[in-house]
Amino acid sequence: MTSLPSHPIGVFDSGVGGLTVVRALMDRLPFENIIYFGDTARVPYGVKSVATIEHYTQQIAQFLQQQEVKMLIIACNTMAAVAADKVRASANVPVLDVIEAGAKNAVAHTKTGGIGVIGTPTTINSNAYARAIHQLNPAFRVYSQACPLFVPLVEEGWLDHAVTRLTAQEYLKPVFVESIDTLVLGCTHYPLIKPLLMDICGDRMQLVDSALSIADQTAEILQSRGLANPSHQIPNYRFVVTDLPVKFQTIGERFLGRSLGKIELTQL
């Protein structure tokens, strides 16, 4: 199957978090068609086995390829940590993932070679960011910190709440002790509290947002492969989920900063 410039970009996640990646893509590439897949029936992935995550991830990648996407973006850190290689091996389109994009950006920006990563316990325990960074430069030092409370606080909408600020200050205390100058936001929920995190970090370190990193990488790849959409028509955005809770609509619109419109329901 030949990809055409008019074909959509396929973005997928275990739930709602990957919509921050969609938002970055909409801003960076305003004429690209996008189909987003959120596996809302089976979220969260973090508590599942490697084999199960691999199976679910490949199922979704297959579904999106049937929709004739010209590129796949794994917008979920858990999926990327566990199954990115499997998806790349079986896909017939370019595959990008948030971990690789965030690692590349961090390596490009650090001046001292000291990089911090904050993420969910599953992502941090997988050591995926440290591996990706060390593949690019084995001499760099990586300090990882799990921040389990950030996701529920973001989903609650407490983006600039006193509780969120106190929680962030606690999580970042050990990070500040390390000699790092770059901090990777290793979870797609975290861009929503980026202003708060920037405020707490001050000029100690710069933040790397994987959603912005992947939007830049997408633009480069589409351009280099002649797949950028030349049309300047209003793009088509599709949102597909495996379960249709009101929660997805409510939280999704907060993540996207705009209306989601009609949400499609599918069974894999």
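Parameters at a glance
Residues numbered from 1 in each chain as written. Predicted model: local features only at pLDDT ≥ 70, side-chain atom pairs only at ≥ 80, totals over all residues. Heavy atoms only, no water. Core = buried A, V, L, I, M, F, W, Y, C linked by side-chain atoms within 4.5 Å. Buried < 20%, exposed > 50% of the residue type's maximum accessible area, 1.4 Å probe, protein only. Contact = heavy atoms within 4.5 Å. Axes fitted to C-alpha atoms, helices over the stretch in contact; angles between N-to-C directions. Helix = DSSP H or I, 4+ residues; strand = E, 2+ residues; numbered from the N terminus. Parallel < 35°, antiparallel > 145°, perpendicular 65-115°, else oblique. Left-handed = near helix turned anticlockwise from the far one by under 90°. Nonpolar A, V, L, I, M, F, W, Y, C, P; charged D, E, K, R; others polar. UniProt positions renumbered as here; feature names shortened; annotations may be inferred. Phe/Tyr/Trp six-rings, centres within 6.5 Å; stacked < 30°, edge-to-face > 60°. Lys NZ or Arg CZ within 6 Å of the ring centre and 35° of its normal.

Another point: the nonpolar core. In a soluble, globular protein the nonpolar side chains are often hidden away together inside. With 92 residues, the main nonpolar core has V11, L19, L72 and L197 as its most contacted residues. Contact partners of L72, with chain neighbours within four places excluded, come to G10, F12, A61, L64, Q65, V87, A91, V93, P94, V95 and L96.

Once that is clear, we can look at the packing of helix α1 (residues 19-28) against helix α11 (residues 246-256). Across the interface, α1 lies against α11 with an axial gap of 8 Å and an inter-helix angle of 40 degrees. It follows that α1 is oblique to α11 by the angle criterion. When you trace α1 past α11, the crossing you get is right-handed. Of the residues in α11, those touching α1 at L19, T20, V22, R23 and M26 are F248, G252, R254, F255 and L256. Its residues assigned to classes, the contact of α1 with α11 shows six nonpolar, two polar and two charged.

In this structure's numbering, the residues bearing the UniProt feature "active site" (unreviewed entry) are C76 and C187. The greatest C-alpha distance among the annotated residues, which extend across 112 residues, is 7.6 Å, indicating that they converge on a single site. As for its position among the elements, C76 is in the loop between β3 (71-74) and α3 (77-90). Given the relative accessible area of 5%, C76 is considered buried. If near-sequence neighbours (up to four positions away) are discounted, C76 is found in contact with F12, D13, S14 and V98. You can see C187 is positioned in the loop between β7 (182-185) and α9 (194-201). Setting aside residues no more than four positions away along its own chain, C187 makes contact with N77, I118, G119, T120 and V151.

Moving on: the packing of aromatic side chains. Evaluated as defined, the whole model comprises five aromatic pairs. One aromatic cluster is present, formed by F150, Y171 and Y190 through successive ring pairs. Taking the ring centre of Y56 as reference, the NZ or CZ of R42 above it sits at 3.6 Å. A cation over an aromatic ring shows up here: R204 above the ring of F176, its NZ or CZ 3.8 Å from the ring centre.

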